[in-house]
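Working through the structure, step by step
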Amino acid sequence: MNETKRITIDSYDYALPDERIARYPLEDRAACQLLVYRPEGIVSTQFWQIADFIPRNALLVRNNTRVIRARIHLKKATGATIEVMCLDPVAPAQYECSLAATSGCSWRCLIGNARRWKAGTLETNVTFPSETTPIVFRAEKGEGDVIHFSWDSDAHTFGEILTAIGTLPIPPYLKRDTEERDNTDYQTIYAQCDGSVAAPTAGLHFTTEVFKSIQDKGIPIEEVTLHVGAGTFLPVKTAEIGDHKMHHEVCHIPRKTIAQIARGQYDPIIAVGTTSVRTLESLYLLAVNHLDEIALEDRIPIITQWEAYETGSSTIAPCDALQNLLNKMDAEGIREVVFSTALLIAPGYTYRIVEGIVTNFHQPKSTLLLMISSFVGEAWHDIYNYALAHDYRFLSYGDGSLLLPEKSSIRCL
């Protein structure tokens, strides 16, 4: 673990010209370029052909989170506008419960123009279709970055209020305001569970036709949920990654998905996006280190940033660990596991479940690039140099890749 902590982030830098950052997606999601990396080399094709390159015995796992309209603007009594960005719920602590709240709720938030709001209540009027009388929506400061929200009507939920007055928080590196088309473009077609402030962007390339071509090949598709936080955009500002603090994100994994993986018959297991990677790899740690916590009512298990490296010498095969988890779930009558993860995946990490990744091209000096390097090794240089030399588009609305390196998983020893 010490060697991983001493990794210098400057080693994961590269020159990304501004014009290579895609500000908008293509009209046809699946018409973007697809870089396929395998041990024998790199192939360039289009994303709609991805089924041709996925092995027949594979299992695809995707993140079904949905981006909420988390950015809202409220006014002080003086008339000054303050921007509030909702990150994750505090009370109620569950996303579903907080978004369904009808009297009030509290969230951790980022505050724009924070120095202009030191005290007092922020307000805005919210008018819903078919209603003539607006309701008053308020925000008050709590401890630290917690904001308490309230409104004078129990006929509407917090989620409905966000939909009415909020905007979708597109990535800051797009350097533009959210537009109407982003409400569709910045959601995967399979998004179901509200909670993210950023999209699992590798999934943006998939269309109904692409999924049909994958399923026609006999490849099953399972789902997990990780609500993506704003921390996904935070650059590593410390010289060594050991000094970088990872953000926590909440994961939900249904029993059906865990059972499919535990069967051990799929090879490879391919994660759609880095968020799915983080969820699946955290699942192994949950099964090994937190079995006794999954049925607790007052809190959820927490996977810490460096836990995987402390568990790196574990001899428990992933299939066995997941079967133990399934047995515990059945004994407790649990249909899905819910936990929080701050897992940092960097060179030196041992993958336990994921054997293939569908992903985009990530920012220099980012934790996402560290994850890619941990998966393909020094070949990340070749992959990114190839993409730069062949006019690939980068970041959230850019082109995609399918990474299938040599297998290193110990999933079913």
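Residues numbered from 1 in each chain as written. Predicted model: local features only at pLDDT ≥ 70, side-chain atom pairs only at ≥ 80, totals over all residues. Heavy atoms only, no water.

Here we come to the packing of helix H10 (residues 367-376) against helix H11 (residues 379-389). Taken N-terminus to C-terminus, the directions of H10 and H11 make an angle of 120°; their axes are 8 Å apart at the nearest point. When the axis of H10 is compared with that of H11, the two are oblique. Only Ala379, Trp380, Ile383 and Tyr384 of H11 make contact with H10, whose side of the interface consists of Leu369, Ile372, Ser373 and Val376. A class-by-class count of the residues in the contact of H10 with H11 yields seven nonpolar, one polar and no charged. (Axes fitted to C-alpha atoms, helices over the stretch in contact; angles between N-to-C directions. Helix = DSSP H or I, 4+ residues; strand = E, 2+ residues; numbered from the N terminus. Parallel < 35°, antiparallel > 145°, perpendicular 65-115°, else oblique. Contact = heavy atoms within 4.5 Å. Nonpolar A, V, L, I, M, F, W, Y, C, P; charged D, E, K, R; others polar.)

The next point concerns the packing of aromatic side chains. Under the counting rule described, the total for this entry stands at 24 aromatic pairs. Between Tyr14 and Tyr384 the ring centres are 5.2 Å apart and the planes differ by 65°, which places this aromatic pair in the edge-to-face class. Here Tyr14, found in the loop between helix H1 (2-5) and strand E1 (33-38), pairs with Tyr384, found in helix H11; they are 370 residues apart in sequence, far enough to count as distant. Accessibility classification places Tyr14 together with Tyr384 in one group, the buried group. For the ring pair Tyr186 and Tyr397, a centre distance of 6.0 Å and an interplane angle of 80° mean the geometry is edge-to-face. With Tyr186 in the loop between helix H4 (182-185) and strand E11 (193-196) and Tyr397 in the loop between H11 and strand E18 (400-403), this pair connects stretches of sequence that are 211 residues apart. Here Tyr186 falls in the buried class, since its relative accessible area comes to 0%. You can call Tyr397 buried: its relative accessible area is 3%. One aromatic cluster is present, built from ring pairs that chain together Tyr12, Tyr14, Phe361, Trp380, Tyr384, Tyr386, Tyr392 and Phe394. (Phe/Tyr/Trp six-rings, centres within 6.5 Å; stacked < 30°, edge-to-face > 60°. Buried < 20%, exposed > 50% of the residue type's maximum accessible area, 1.4 Å probe, protein only.)

With that settled, consider the nonpolar core. Soluble globular proteins tend to bury their nonpolar side chains together. Tyr186 and Phe394 are the most contacted members of the largest nonpolar core, which has 84 residues in total. It is helix H7 (residues 274-289) that provides the largest number of residues to this core, a total of seven residues. If sequence neighbours within four positions are ignored, Tyr186 has contacts with Val67, Leu168, Pro169, Ile170, Pro171, Ala198, Ala199, Thr201, Leu204, Phe233, Ser396 and Tyr397. In terms of nonpolar packing, the next biggest core, distinct from the first, is built from 31 residues, Val84, Met85, Trp107 and Leu162 among them. (Core = buried A, V, L, I, M, F, W, Y, C linked by side-chain atoms within 4.5 Å.)

Following the sequence through the fold, Thr207 ends up in the loop between E11 and helix H5 (208-216). In this structure, Thr207 is in contact with Asp28, Arg29, Ala30 and Ile189, ignoring residues within four places of it in sequence.

Time to look at the pattern of salt bridges. All chains considered together, the criterion is met by 20 salt bridges. Across the pair Arg62 and Glu223 runs a salt bridge, and its minimum N-O distance is 2.7 Å. Within this pair, whereas Arg62 is found in strand E3 (residues 59-63), its partner Glu223 is found in strand E12 (residues 221-226), the two being separated by 161 residues in sequence. In the salt-bridge network here, residues are joined through shared partners; they are Asp18, Arg23 and Lys175. (Salt bridge = Lys/Arg side-chain N within 4 Å of Asp/Glu carboxyl O.)

Two elements in contact, helix H6 (residues 255-262) and helix H9 (residues 318-332), have axes whose closest approach is 9 Å; the angle formed by their N-to-C orientations is 145°. You can see that H6 and H9 cross each other, and the crossing is left-handed. When H6 is examined against H9, the residues Arg255, Ile258, Ala259, Ile261 and Ala262 are found in contact with a partner set consisting of Cys319, Leu322, Gln323, Leu325, Leu326, Met329 and Asp330. Here the contact of H6 with H9 is built from residues that sort into nine nonpolar, one polar and two charged. (Left-handed = near helix turned anticlockwise from the far one by under 90°.)

It is worth spelling out the pairing of strand E16 (residues 336-341) at this point. In this sheet, E16 lies alongside strand E13 (residues 249-254) in antiparallel orientation, the contact comprising six bridges. Note on E16: the bridge partner recorded for Ile253 is Val337. The pairing of strand E15 (residues 302-303) with E16 spans two bridges and is classified as parallel. Its bridge partner being in E16, Ile302 is matched across the sheet by Ser340. (Pairing = 2+ DSSP bridges.)

With that out of the way, let us pick up the environment of Leu296. With respect to the helices and strands, the residue Leu296 is situated in the loop between H7 and E15. By relative accessible area, Leu296 is classed as partly exposed at 34%. Once the C-alpha coordinates of Leu296 and Pro347 are considered, the two residues, 51 residues apart in sequence, prove to be 33 Å apart.

One pass over the full model with this rule turns up zero disulfides. The structure places no disulfide on Cys251, whose sulfur is separated from the nearest cysteine sulfur, that of Cys193, by 12 Å. (Disulfide = S-S within 2.5 Å.)

By the secondary structure assignment, Thr275 is in helix H7. Only 3.0 Å separates the side chain of Thr275 from the side chain of Asn63, close enough to count as a polar contact. Look past the residues within four positions of Thr275 in its chain and what remains in contact with it is Asn63, Pro200, Leu226 and Val228. (Polar contact = N/O pair within 3.5 Å; in protein donor to acceptor, adjacent residues only side chain to side chain.)

Pairing is mixed in the open sheet, where 10 strands are placed in the order E2-E1-E18-E17-E14-E3-E12-E13-E16-E15. In the strand order of this sheet, the two ends are held by strand E2 (41-46) and E15, each with one partner. On the sheet, H7 packs against E3, E12, E13, strand E14 (269-272), E15, E16 and strand E17 (356-359) and is oriented at approximately 105° with respect to E16.

Owing to its 3.6 residues per turn, the α-helix brings residues three or four apart onto one side. With six of eight residues buried, H6 lies mostly within the body of the structure. Every buried residue of H6 is listed here: Thr257, Ile258, Ala259, Gln260, Ile261 and Ala262. Downstream of H6 by a residue or two, Gly264 has a phi angle that is positive, lying close to 75°.

Looking now at the confidence of the model for the protein. The predicted model of the protein has a mean per-residue pLDDT of 93, with 97% of residues at 70 or higher. pLDDT under 50 marks residues 408-413. Its contacts with residues more than four places away, or in other chains, come to 23 contacts. (pLDDT = per-residue confidence, 0-100.)

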